[in-house]
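Single-letter residue listing:
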Amino acid sequence: MTHTPILIIDDNQSHLTLYSAILNDAGFSTVTAATVKEALEVNRQTSPQIALVDLMLPDGSGHDLISQLYETNPNLKPIVTTAYASIDRAVEAMRMGVSDFLVKPINPQILVDAIINARSGGSQTLRPNLGPLDAPPLGGLLGSSAEMKQIYATMRAVSGSDASVFITGENGTGKTMCAKAIHALSPDTDGPFVAVHCGSRSAAALGAELFGRGSAVEPHVQKSNIGALQKADGGTLFLDEICDLDAVSQAQLLEFLKTSNVTPNDSAEPIPVKTRIICASSKSPLDCISAGKLRADLYYRLFVVPIHLPPLRDRGLDVIEIAEAMVARYAAKENKPTPALSKDTKALLLSYAWPGNIHELMNVLWNCVVVNTGPMIEEHHLPKSLLDTFPRPQETTTPSFSLGDVVASKSLLEIEREIIEFAINRAGGSIPKASKALDVSPSTIYRKLETWGRPARGPRRQ
Ligand SMILES: Nc1ncnc2c1ncn2[C@@H]1O[C@H](COP(=O)(O)OP(=O)(O)OP(=O)(O)O)[C@@H](O)[C@H]1O
């Protein structure tokens, strides 16, 4: 069976580029439209089997558009995308027969899964060429766990677009490395990569560092007075620990994102700047918004493509892969033969919690290579004091059910909610998938979520 291109309808050019890149990378062909009028024309020309429909379009609503598309293309499977999740909208969309309801920012794998689901119609599974998921790591990032492979695929997909990227993850998980790798893959790789840590100085100093001083626009003035945004013109600006940015700089950054102009302090003249923004945070941005530290409007502008780097303890055998590469690197540096890791050492590395993540692993292994001279790194060579200080924390993410305990302590409604939440988490946030697993209709779950006052799918809290 041949497939027509997927029609992507969104009035935001960055989203069109990004979704096309993700789907093209996954082996699908795409066509795009930015308005209702354009969408009807492309629909007439290509008769797509699947359309990704944004609900808010400049010349009409996505719901009305879907009705019009059905008139000439009754077999169409629409997938709704929206930045404004509401249960009412989701239920209304499900009633119209849409295949899925995706809340922006959309995780690339969820987007690909939604297309696969729509194509398979719930029975046959037509897996497209997912080559990028098997592609080798990027930019020196080590690790071939499924989690990291998915991250490499996202990085590749986003690198060709100028969409903002929001990287979250504990300290030492590789956020900076990931940002550099995206820059290196991008068409602007020859442009500058400028990194600014948003948490390490006073608001005034940070403001000047980011936006520069008025004198910077004068041609004779030192380059050091130019702000980081201007320095990153034609390249990438990496804002590390964005949640620590002060309120004044947040307002200025938001203004920049709206206008693509920088107005350095004391200067009247706005300066046009074209730069891709990648930001990172080790804190949960949603918690920071709740605490009034991060503006929600700034967050939604920046959180176009989320990348969450899992802690090292959740990357399975990546710990050993990274450890062996690091040991070889440090041995070469110290002019020593590369020692092997004993079986017990590997078991310990795998069971330790690594609160400092890859940074900590690197320090431990460098110490081992420097201090020991033998051909093998044994368990007793590892700094035990360190392991004793940071025992592996209790897993909290997966609820475990002991029927007796549960029945004794919880109401039926509570148990039902736990099971539904569990199924949604296991389905990566996809309500249709969770509903399939529980053998109920998606609208049943949407209605339950509405009762609990919980959004259908949004950025996951860490
Ligand atoms: N997947 C990886 N493979 C190999 N080395 C890695 C990987 N991820 C991170 N590193 C190394 O671990 C160290 C920490 O990485 P990085 O500085 O990018 O983390 P981070 O999340 O930005 O840390 P922080 O939050 O402390 O700024 C660096 O030396 C980096 O080279």
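Residues numbered from 1 in each chain as written. Predicted model: local features only at pLDDT ≥ 70, side-chain atom pairs only at ≥ 80, totals over all residues.

S.K.: Any chance you could explain the packing of helix 18 (residues 412-426) against helix 19 (residues 431-438) here in plain terms?
M.R.: How two helices pack is summed up by the angle between their axes together with the distance between the axes. Direction vectors running N to C along helix 18 and helix 19 enclose 125°, while the axes themselves pass 8 Å from each other. Here helix 19 runs oblique to helix 18, going by the angle between their axes. Regarding helix 18 and helix 19, the two cross each other, and that crossing is right-handed. For the pair helix 18 and helix 19, contact is made by Ile420, Ala423 and Ile424 and by Ile431, Ala434, Ala437 and Leu438, respectively. Here the contact of helix 18 with helix 19 is built from residues that sort into 7 nonpolar, no polar and no charged. (Axes fitted to C-alpha atoms, helices over the stretch in contact; angles between N-to-C directions. Helix = DSSP H or I, 4+ residues; strand = E, 2+ residues; numbered from the N terminus. Parallel < 35°, antiparallel > 145°, perpendicular 65-115°, else oblique. Left-handed = near helix turned anticlockwise from the far one by under 90°. Contact = placed C-beta atoms within 7 Å. Nonpolar A, V, L, I, M, F, W, Y, C, P; charged D, E, K, R; others polar.)

S.K.: Please clarify how the sheet that holds strand 1 (residues 6-9) should be interpreted in this entry.
M.R.: Strand pairs in the sheet, formed through backbone hydrogen bonds, run parallel or antiparallel to each other. Across the sheet, 5 strands lie side by side as 2-1-3-6-7; this open sheet has parallel pairing. Among the strands making up the open sheet, the edge pair consists of strand 2 (30-33) and strand 7 (100-103). Direction aside, the axes of adjacent strands within the sheet are offset by 20° on average. Relative to strand 7, strand 6 (residues 77-82) is paired through 4 bridges, and the arrangement is parallel. Considered in strand 7, the bridge of Thr82 is made with Val103. Relative to strand 2, helix 1 (residues 13-25) is tilted by about 170°, and along the sheet it contacts strand 1, strand 2 and strand 3 (50-54). (Pairing = 2+ DSSP bridges.)

S.K.: Before we go on, may I ask you to explain the site of the ligand in this structure?
M.R.: The ligand sits among 17 residues. The nearest are Leu142, Gly174, Lys175, Thr176 and Ile358. Elements with a contribution of two residues or more to the shell around the ligand: helix 7 (175-185) and helix 15 (357-371). (Near = placed C-beta within 6 Å.)

S.K.: Would you mind showing me how to read the sheet that holds strand 14 (residues 305-308) here?
M.R.: Strand order in this open sheet of 5 strands is 9-10-13-8-14, and the pairing throughout is parallel. Edge strands, defined here as strands with exactly one partner in the open sheet, are strand 9 (193-197) and strand 14. When strand polarity is set aside, the average angle formed by the axes of neighbouring strands in this sheet is 20°. In this structure, strand 10 (residues 236-240) lies alongside strand 13 (residues 276-281), joined through 4 bridges in parallel fashion. Considered in strand 13, the bridge of Leu239 is made with Cys279.

S.K.: Mind showing me how you'd approach helix 7 here?
M.R.: For the α-helix, the turn length of 3.6 residues means that residues three or four positions removed from each other point alike. By the burial criterion, the buried members of helix 7 are Lys175, Cys178, Ala179, Lys180, Ala181, Ile182 and His183. Check the buried side of helix 7 and you find it contacts helix 6 (146-159), strand 8 (165-168), strand 9, strand 10, strand 13 and strand 14. (Buried ≥ 20, exposed ≤ 12 C-beta atoms within 10 Å, placed from the backbone.)

S.K.: Explain the environment of Gly227 to me, please; I cannot follow it from the model alone.
M.R.: Within the fold, Gly227 resides in the loop between helix 8 (203-211) and helix 9 (228-231). Looking at Gly227, the number of C-beta atoms within 10 Å reads 25, which means it is buried. Taking the C-alpha atoms as reference points, Gly227 and Ala208, 19 residues apart in sequence, are found 6.4 Å from one another.

S.K.: Which parts of the structure should I look at to understand the confidence of the model for the protein?
M.R.: Low-pLDDT stretches of the model should not have their predicted coordinates read in fine detail. Here the protein averages 81 in pLDDT, while 82% of its residues score no lower than 70. Under a pLDDT of 50 for its full length, residues 215-223 has, in the predicted model, 11 contacts with residues more than four places off or in other chains. Note on residues 390-403: pLDDT is under 50 here. Beyond four places in sequence and across chains, it has 10 contacts. Across the assembled chains, the prediction reports ipTM 0.98 with pTM 0.61. (pLDDT = per-residue confidence, 0-100.)

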